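# Remarks on the overall topology
Residues per chain, in single letters:
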Amino acid sequence: MAFLLMVCMSLMAHAQGQVIQVTGTVADSKSGFGLPGVSITQKGTTNGTTTDGEGNFILKVPSGSILVLSSVGFTSKEVAATEGSMLISLEGIANALNEVVVVGYGQVRKKDLTGAVTTISSKEFQTGNIQSPDQLIAGKVAGVQIIQNGGAPGSGSSIRIRGGSSLTASNDPLIVIDGVPVDNIGIAGTANPLSLINPNDIESFNILKDASATAIYGSRASNGVIIITTKKGKRGTPQINFGTSIIVADPVNRVDVLNANQFSDIVRARGTAADIAKLGTSNTDWQDEIYQTAIGTDNNLSVSGSLGNMPYRVSGGYLNQDGVLRTGNLQRITGSIGISPRFFDNHLKVELNLKGSNSKSKFADEGAIGSALRFDPTQAVRSGKQEFGGFTEWTDAGSASGLNTLSTLNPVGLLEQRDDRSNVNRLIGNVQLDYKFHFLPELRANLNVGTDRSEGTGTIKIPPTAASQLRGGRAGTNNEYKQTNQNNLLDFYLNYAKDLKGIDSRVDVIAGYSYQDFQTKSFSFADRLSDGTNNPASPLPQFPFDIPQYTLISYFSRLNFTLADKYLLTATIRRDGSSRFSPDNRWGMFPSVALAWKMHEESFLAGASNLNELKFRVGYGVTGQQDIGNRYAYIPRYSQANNNSLYYFGDGSTTFPLFLPQAYNADLKWEETAQINLGVDFAMYDNRFTGTVEVFQKLSTDLLFQVPIPVGSNFTNELVANVGKLRVNGAEVTLNYTPVRTAKTTWDIRVNATYLDRKITQIRGDEDPSFKGLLVGGISGGTGNNIQILAKDNTPGAFYVFKQVYDKDGSSIEGLYEDLNRDGIINQDDRYLYKKPDADLYLGFSSSVTHGKLSAGIVMRGSLGNYIYNNVYSDLGVTRNIINPVGYLQNASPNVLETNFFNNQFFSDYYVQNGAFLRMDNINLGYDLGTIVSKGTSLRVSANVQNAFVITKYQGIDPEVRGIDNSYYPRPRTYTLGINLGF
């Protein structure tokens, strides 16, 4: 027995002593690229090696050994040694200060930023039914306000960074996707050009807010820059991910209108016998008839990995979403390909990105929303007759068509008798070559060639029997349209970066050139019926040289200088030329400079062990604006008239279109915005408490502004000119706190707040004291009524109203207003500026908890100090709206029972209401089931509620509208159940 035991021990010792050769690669788990300089040792010994420039290593160790891997910035790891090839991934240490932030034409560590830049990664995105990329970051970033323009599938959003910098020119930020600045003019056939991008393909947003950060994009950066980076492939074995979700959207918000009984009571009490005779016998809730619970599905599949030395990612997505307004639908197919090979020992890096989409929409007639509020609730949906397609409509025996042409149209008829479809294709692609010179590795050359192309086609078909056609005197509609947009880009820059150890500093310089060209072609084959048939005449001739186009050419340079890793300098200059301006005004110069001080690196704070970062920043810069709708506003030109302006030859059988002179302004030049920014970044308690405080001021001058001009001085009554000044003062606070961080549980809390004060400091050059301002803000009701004004020393769009007088019981007195100028007459001179649509304070709050395999989170948004003009009340809340003198009955808002107004009082300040709100934007819950079926597969289930509830005093359907509330497509409450499978 003892002999056998000795033999076994001898065999075991021999086996342990057997030497094997381990070869392998150590890679970054996030990027998949090999990690150079990783230390690899046999545990308990000094036997070891380090990885080469590609992350490869070879090491001989006894069989059964444990390898210990360690590298600065990565978590150490122990693995069992196996003979042959091994692929080992190391996780980066979670340290927000070492995160790499994408800025214009390059990257920088977060701790080295000198400007106001915020990064939101995919792990922080909003979840649920996300149809457009902008919805991913709603409420997440201080200084960024994202307001969805309505609840329709794929509807767009208004994105404002620090309130915007213009009045009537664009206030949209520049959006850069994988290095390609995209055009924001949109494309025919879609409400939102961003909705053509699959949100599932996006890895991160980097929002550049101040001029020091944005000036590198000079000509288009006055309203901030959003840099979107899509997901990339990682080195290693293929990873497949499939996600699917079921979406249920419920139109929970309805506009309050009179029901059939309330309506009938008012008609009987206040109407004539003829009015009473018009009452029907039905009880129709017209909003029930036009809205529905909408079902949708969103499916995404991606494959990522590497082929040799070429990481790749391929993805596809399919979204099918009905609208809560009946007959509306969006179907979107997306695909993307990204490859990032490296050559010549990593000296040449190649990034190829292609993103394509096809979007098919069926647009519901949103005019049905307003009609549903107005149509008589005692009438049935269908009349049982053949006329008007069988839908109940108001008739007039004296009308040739038999239709009362002034009446509200049947909302269900508007939906079911309109077939409005579009088909939109979009391709965004670029190839970027980054070469590090062999003879001078500190010098890099970067070439980026890209394109953004889209084509939208569509048809609108309405039968000749539809009331909407008979009212317009048309024998049906069969319109077709087509638009193509093309945006081509070429960027080239040189980058030199070197550590100057002799003076303990680092210098990083870029200098480059940018060329971007935009073209738009639009064709409309409208219904032009001259013979009473449903066959359109031939379209007017199209001229191939008349293609709206503009070009931007730029030269730019940036210097980053760091001294002792404590003192930072960034200086930028960009010279831009735009073909939208004449040669005399074509070029603009946009400089910026910023300084930062890492105070926590100073020796006098060495004892502050709980302080991880304390950095002060100051920056100043100038950016430009040339984004006006007319691309040839400075050129004298003619445009083709419509088919109502034809020149007839001979007997009239031959026609030729006329051409009309257009207004122009040869003196147009750049709008400029100067901005100063002061910021403080801090991190404490092992980065568990971090935050940023920003204070800024923007001053926009030479505003590109649509102003009225004297009659006869040009070929229009309004003209774009450089007039006025706009000032924006603001402050931002971002706080992040992790109260719990253990191996099993993490709880994160994020709060952001933004204060904004926007004022027009000059509205026109002459400053005539009798000039009160320019009226804007058209409302429903009457003709040409405007409720807002652009006035000096006031917020843009402040409400311009009469001061309502109330009786001793607090009830408003119809038609009685205060004589503010005490001249004994109530007229337009007594209107005054009252409240504003802009909020004083925007708020965002999010919290997420992860406990083991369970995760949960919420996102809330809110605002304070904003007001809304309730146009639904002012238009529908009067008796005259019910008992119409032109032969039909129309529903009203219950507000008529409060005011007892007979006639509309459109300009009363009574209708300006508090729009402050707090919205529970997102509630989400998820659970990781872990490995299923086999090793390497995983399953996650999630549930989500969006637009869960709103707390507000506003009496309309939704407080999150800009200024005027009128027939708004309601945001639904959306429930999403998702499954994600990885293998």
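See above for the structure.
Rules and cut-offs
Residues numbered from 1 in each chain as written. Predicted model: local features only at pLDDT ≥ 70, side-chain atom pairs only at ≥ 80, totals over all residues. Heavy atoms only, no water. Helix = DSSP H or I, 4+ residues; strand = E, 2+ residues; numbered from the N terminus. Contact = heavy atoms within 4.5 Å. Areas by Shrake-Rupley, 256 points an atom, 1.4 Å probe, with all protein chains shown as cover. Lys, Arg positive; Asp, Glu negative; His and termini not counted. Charge placed at Lys NZ, Arg CZ, Asp CG, Glu CD. Salt bridge = Lys/Arg side-chain N within 4 Å of Asp/Glu carboxyl O. Buried < 20%, exposed > 50% of the residue type's maximum accessible area, 1.4 Å probe, protein only. Pairing = 2+ DSSP bridges. Phe/Tyr/Trp six-rings, centres within 6.5 Å; stacked < 30°, edge-to-face > 60°. Lys NZ or Arg CZ within 6 Å of the ring centre and 35° of its normal.

## Digging into the overall build of the chain
Across its full length, the chain carries 11 helices and 54 strands. Dimensions of the chain along its principal axes, counting C-alpha atoms only, are 120 × 75 × 70 Å. Sequence-distant contacts, at least 24 apart, represent 69% of the contacts inside the chain between residues at least 6 apart. Surface summary for the chain: the accessible area is close to 43,700 Å², and the carbon and sulfur share equals 56%. Taking the 87 positively charged and 90 negatively charged side chains of the chain as two groups, their mean positions are separated by 5 Å.

## Here we look at the pattern of salt bridges
Scanning the entire structure with this criterion turns up 44 salt bridges. Between arginine 574 and aspartate 576 there is a salt bridge, with the nearest N and O atoms lying 3.0 Å from each other. With respect to class, arginine 574 is no different from aspartate 576; both count as buried. By sharing partners, the salt bridges in this structure join Arg861, Arg919, Asp921, Asp958, Glu960 and Arg971 into a single network.

## So, the sheet that holds strand β49 (residues 867-870)
Read across the open sheet, the 3 strands follow the order β50-β49-β53; overall the sheet is mixed. One side of each edge strand has no neighbouring strand; the edge strands of this open sheet are β50 (912-914) and β53 (964-965). Pairing of β49 with β50 involves 3 bridges; the strand directions are antiparallel. Bridge pairing in β50 links tyrosine 867 to asparagine 914.

## So, the packing of aromatic side chains
Per the counting criterion, the structure on display carries 22 aromatic pairs. Between phenylalanine 802 and tyrosine 817 the ring centres are 5.0 Å apart and the planes differ by 25°, which places this aromatic pair in the stacked class. Placement of the pair is phenylalanine 802 in the loop between β43 (798-801) and β44 (804-806) and tyrosine 817 in strand β45 (residues 812-817), with a sequence separation of 15 residues. An identical accessibility class is assigned to phenylalanine 802 and tyrosine 817; each is buried. Pairing tyrosine 832 with tyrosine 834 gives two aromatic rings, centres 5.7 Å apart and planes at 45°, and the pair type is tilted. The class of tyrosine 832 is buried, set by a relative accessible area of 18%. Tyrosine 834 sits in the partly exposed class, given a relative accessible area of 23%. Three or more aromatic residues link up through ring pairs in this structure, and these residues are Tyr105, Tyr217, Tyr493 and Phe556. Here the basic side chain of arginine 162 rests over the ring of phenylalanine 696, its NZ or CZ set 3.9 Å away from the ring centre. Here the guanidinium or amino end of arginine 580 rests over the ring plane of tyrosine 550, the centre of that ring lying 3.9 Å away.

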